[in-house]
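Structural overview for review
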Amino acid sequence: MNYIAEQVDDEVQQRSYWRWSKQDFLPEESFQSWGNYRHALSQTCFRFKDRLTSRSNDANEIGELRKQSENEMKRCLNWWDLIWFGFGSVIGAGIFVLTGQEANQTAGPAIVLSYAVSGVSAMLSVFCYTEFAIEIPVAGGSFAYLRIELGDFAAFITAANILLESIVGNAAVARAWTSYFATLLNRESNSLRIHTNLREGYNLLDPIAVAVLGIAATIAMISTRKTSYFNWIASAVNTIVIIFVIIAGFAHADTSNMKPFLPFGTPGIFKAAAVVYFAYGGFDNIATMAEETKNPSRDIPIGLLGSMSITTVIYCLMALSLTMMQKYTDIDPDAAYSVAFQKVGMKWAKYLVALGALKGMTTVLLVGALGQGRYTTHIARAHMIPPWFALVHPKTGTPINATLLITISSAVIAFFSSLDVLATLLSLSTLFIFMMMAVALLVRRYYVRETTPQKDLLKLIILLLIIIASSMGTSAYWGLKSSGWVGYVITVPIWFLGTLGISVLLPQQRKPKVWGVPLVPWLPSLSIAINIFLMGSLGDQAFIRFGVCTIVMLVYYFFFGLHATYDMAHQTESLDHENAKTNLGLHNPD
């Protein structure tokens, strides 16, 4: 057996990283011939039922799946690196661009409350991510966690949204980078883009955004450790600029600019909060770096909770300084801070702000390339997408193929699409993922396979459906008749009773080993409610785009992903069975 294992290891080492055979992209039995594929399609219903009810486990995600990458990622990060990665992955286009856009068009001076609401929601999601990342320290992040707790199909829907979030998020930041670069050159924000006669929203072509994405990805592919050093430097420069923006903004504050505080009413706060949630979305990249963290149980809580706490305070202070410095109706939606300082007589400051914004958005792209490449790697390990994207380069210890997939896709979108088209779609995907994470945490705490009684599982499912349905009802009522209150008297108590039911009727089946979310089930349930509420605050166009993307995802799943993951799972089961027989034979030679 050892001889065979050594032969396999030698074969892996001899194979080139840069290979393009069919077996690297479609190694599953269902795709070996047209006859096999037709047979697989004829079993679609059966296989879907199998994947719908199947679950992974901690050991499989941490151990077996990682072998698909052939080479290990290098453990080179500590809590200090993670804090700066968290800082660098979040503060960028969100605060420097969306603040002005949403203050001007949606929330007015109350944009500070929008950031506070989004910050609370994001912190609840951070709690959920932290508990999972400590116990399941793999590159897959939320995809791996959901495969374990909610099954393959739920994990696929989330994985598809992760990829959508990654691709669209990078494109949005890269577009914003071009706007601030134009400001730094003392030109109009769209002056460096190519104007065409295409449909509005897609008619400004952006080759600079494509170049920036390529440079950030190249740095990320070379070395994780070197990327961390670069992130330190860029984030330090960004920190200086942020401190300057806050101090200088308050120094030129005029409280009369804060009136009226709610020009768009209370709905404006939550509608803006749903959009600026995009500004908090990068923190989940830290969870994907658990595989490269030296001491995940210590470093991840410090990195995630520390960076998010600091970020929330900074966002609120920056939003407040902007709206006190300039009337919300005069704020430039594309380069808010630069133009605001120019209007108060600090013309030179706009160049410093533009430089800081560029630095911030550069680190967002850099850390995004790291985290998103790792998400994609683990998704490919499970064969949701071709396993070629799971390969880790033997010298750099980085997933080059996966990083290229995200970067090229982002570059295509960034070349055509405007920021406002991208931001609402991104926020909806992000909110959906974080809502699913809160559900998964409740399942993890209250359900353990082959341990939890069937009647308790049924209770958990019913109570979770009550929480989700009541949250959707609250969100729908807000959207349809936000000035009323009768609906809330019904939906909010139902949500409360659903959460209370979990707390009183169900015993927790699993306790976290090192660090856990406090006040379970209340905080995860609140996270579900807030995320669904913010999703309902987005416009119809966001849901239409989300629906179209979901349909495309499902077509892909039923024609490819379902059959690839089915074959992968049953191949693994067969190997486990063979190993068990071999071990039994070794122990019983007669």
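So, here's what we can say about the structure. (Residues numbered from 1 in each chain as written. Predicted model: local features only at pLDDT ≥ 70, side-chain atom pairs only at ≥ 80, totals over all residues. Heavy atoms only, no water.)

**Concerning the overall build of the protein**
For clarity, the threshold we go by: The helix and strand labels rest on DSSP assignments: H or I over at least four residues marks a helix, E over at least two residues marks a strand, and numbering proceeds from the N terminus. Our radius of gyration is a C-alpha quantity, and the globule rule it is checked against amounts to 2.2 Å times the number of residues to the power 0.38. With a 1.4 Å probe rolled over the protein chains alone, any residue whose accessible area is under 20% of its type maximum counts as buried; one over 50% counts as exposed, and the rest are partly exposed. Between two residues, a contact is recorded if the distance between any of their heavy atoms is within 4.5 Å. Accessible areas in this description were obtained via Shrake-Rupley with a 1.4 Å probe; residue shielding takes into account the shown protein chains only. We score Asp and Glu as negative and Lys and Arg as positive, and we do not count His or the chain ends. Charged side chains are reduced to one point each, which is NZ for Lys, CZ for Arg, CG for Asp and CD for Glu.
Within the protein one finds 23 helices and 2 strands. Against the compact-globule benchmark of 25 Å for 590 residues, the protein has a radius of gyration of 24 Å, which places it among compact chains. Viewed in the frame of its principal axes, the protein has a C-alpha envelope of about 90 × 55 × 45 Å. Taken over 590 residues, the protein has a buried fraction of 59%. Looking at the protein alone, contacts between residues at least 24 apart form 84% of all its contacts between residues at least 6 apart. Here the protein has roughly 24000 Å² of accessible surface; of this, 65% comes from carbon and sulfur atoms. With 42 positive and 40 negative side-chain charges, the protein shows a separation of 5 Å between the mean positions of the two kinds.

**Some remarks on the environment of Asn231**
The topology assignment puts Asn231 in helix α12 (residues 224-251). The buried category is assigned to Asn231, whose relative accessible area is 1%. Separated by 128 residues in sequence, Asn231 and Lys359 have C-alpha atoms that sit 9.5 Å apart. Excluding anything up to four places from it in sequence, Asn231 contacts Trp84, Phe85, Gly88, Thr363, Leu366 and Val367.

**Side note on the environment of Asn203**
Topologically, Asn203 is positioned in the loop between β1 (194-195) and β2 (204-205). A sequence separation of 212 residues divides Asn203 from Phe415, and the C-alpha atoms of the two residues are 9.6 Å apart. Setting aside its immediate chain neighbours within four residues, Asn203 contacts Ile194, His195, Thr196, Leu198 and Phe416.

**Let's talk about the packing of helix α11 (residues 207-222) against helix α18 (residues 400-416)**
Basically, it comes down to this: Whenever a helix is involved, its axis is fitted only over the stretch in contact; in every case the axis is a line through C-alpha atoms, and angles between N-to-C directions fall within 0 to 180 degrees. Throughout this description, any angle smaller than 35 degrees is read as roughly parallel, any larger than 145 degrees as roughly antiparallel, any in the 65 to 115 degree range as roughly perpendicular, and the remainder as oblique. Each residue is assigned to one class: nonpolar for Ala, Val, Leu, Ile, Met, Phe, Trp, Tyr, Cys and Pro, charged for Asp, Glu, Lys and Arg, and polar for all the others, Gly among them.
Two elements in contact, α11 and α18, have axes separated by 9 Å at closest approach and are oriented at 170°. Judged on the interaxial angle alone, α18 and α11 are roughly antiparallel. Contacts between α11 and α18 pair Pro207, Ala209, Val210, Leu213, Gly214, Ala217 and Met221 from the former with Ile400, Thr403, Leu404, Thr407, Ser410, Ala411, Ala414 and Phe415 from the latter. Of the residues in the contact of α11 with α18, the class split is 11 nonpolar, 4 polar and no charged.

**Overview of the pattern of salt bridges**
Here the idea is simple: oppositely charged side chains can pair when their charged atoms come close. Counted only if it meets this: Salt bridge, as used here: a side-chain nitrogen of Lys or Arg that lies within 4 Å of a carboxyl oxygen of Asp or Glu.
Applying the stated rule across the entire model yields 16 salt bridges. Among the salt bridges present, the one from Arg51 reaches Asp152, with a minimum N-O distance of 2.6 Å. Pair noted here: Arg51 is in helix α4 (residues 44-53) and Asp152 is in helix α10 (residues 152-184), with a separation of 101 residues, a long-range link. Here Arg51 falls in the buried class, since its relative accessible area comes to 5%. It is possible to trace a salt-bridge network through shared partners that takes in Asp50, Arg51, Glu61, Arg147 and Asp152.

**Re the nonpolar core**
Formally: We define the nonpolar core as a collection of buried residues of types Ala, Val, Leu, Ile, Met, Phe, Trp, Tyr and Cys that are connected through side-chain atoms lying within 4.5 Å of one another.
Counting 175 residues, the largest nonpolar core has Phe96, Tyr115, Tyr129, Tyr180 and Tyr337 as its most contacted members. The element best represented in this core is α10, accounting for 19 residues.

**Thoughts on empty space enclosed by the protein**
Put simply, the rule reads: Cavity: a set of points on a 1 Å grid over the protein atoms alone where a 1.4 Å probe fits but cannot get out. Pocket: an open set with protein on both sides within 12 Å along at least five of seven lines, its lining residues, like those of a cavity, having an atom within 4 Å of a point. Grid points are joined across faces, edges and corners, and a volume is the space filled by probe spheres set on the points.
Summed over the entire model, instances satisfying the criterion amount to 2 cavities of 30 Å³ or more. The volume enclosed by the second largest cavity comes to roughly 30 Å³. Lining the second largest cavity, in full, are Asn170, Leu213, Ala216, Ala217, Leu365, Ala369 and Thr407. Those elements giving two or more residues to the lining of the second largest cavity turn out to be α11 and α17 (347-381).

**Observations regarding helix α6 (residues 79-90)**
Our working rule: A helix is expected to reach a length of 1.5 Å times the quantity of its residues less one. Counting of polar contacts relies on pairs of N or O atoms within 3.5 Å, with two restrictions inside protein: one atom must be capable of donating a hydrogen and the other of accepting it, and residues adjacent in sequence are counted only when both atoms are side-chain atoms.
The first and last C-alpha atoms of α6 sit 17 Å apart over 12 residues, in line with the 16 Å expected at 1.5 Å per residue. Of all the 12 residues making up α6, 10 are buried; the element is thus mostly covered by neighbouring parts of the structure. All of the buried residues in α6 are Asp81, Leu82, Ile83, Trp84, Phe85, Gly86, Phe87, Gly88, Ser89 and Val90. Close packing links the buried residues of α6 with α12, α14 (284-287), α15 (296-325) and α17. Between the side-chain oxygen of the N-cap and the backbone nitrogen of Trp80 there are 3.1 Å, and the N-cap of α6 in question is Asn78.

**Quick notes on a nonpolar patch on the surface**
What counts, and what does not: Like-charged residues are merged into a patch within 9 Å and nonpolar side chains (Val, Leu, Ile, Met, Phe, Trp, Tyr) within 5 Å, provided each residue has over 30% relative accessible area and no salt bridge.
A cluster of nonpolar residues, Leu458, Ile462, Ile466, Trp485, Val486, Val489, Ile490 and Ile494, forms a patch on the protein surface that exposes about 760 Å² of accessible area. Looking at the nonpolar patch, the elements that each hand over two or more residues are α20 (454-481) and α21 (486-505). It is α21 that provides the largest number of residues to the nonpolar patch, a total of 4 residues.

**Describing unusual backbone geometry**
Following Lys259, the chain continues to Pro260 via a peptide bond in cis, the omega torsion being -5°. Mapped onto the fold, Pro260 is located in the loop between α12 and α13 (265-276). Of note, the bond from Val520 into Pro521 is cis; its omega dihedral lies within 30 degrees of zero at 15°. Within the chain, Glu450 stands out as a residue other than glycine whose phi angle is a positive 65°. Within the secondary structure layout, Glu450 lies in the loop between α19 (419-446) and α20.

**Remarks on the side chain of Ser179**
By the secondary structure assignment, Ser179 is in helix α10. Judged by its relative accessible area of 7%, Ser179 is buried. Of the polar contacts made by the side chain of Ser179, one reaches the side chain of Arg193; its length is 3.1 Å. Once residues within four sequence positions are removed from consideration, Ser179 is found in contact with Ser189, Arg193 and Asp334.

**Examining the packing of aromatic side chains**
Here a ring pair, both rings aromatic, is described through the centre-centre distance and the interplanar angle of the planes. Using the following cut-off: Only Phe, Tyr and Trp rings are paired, with Trp represented by its six-membered ring, and only when their centres lie within 6.5 Å; those with planes under 30 degrees apart are stacked, over 60 edge-to-face, the remainder tilted.
The full count for this structure, using the stated rule, is 33 aromatic pairs. Geometrically, the ring pair formed by Trp34 and Tyr37 is edge-to-face, given 6.2 Å between the ring centres and 75° between the ring planes. Separated by 3 residues within a single helix, Trp34 and Tyr37 lie in helix α3 (residues 34-42), roughly one turn from each other. Here the aromatic cluster, defined as three or more aromatic residues joined through ring pairs, consists of Phe31, Trp34, Tyr37, Phe48, Phe153, Phe156, Tyr556, Tyr557, Phe558 and Phe560.

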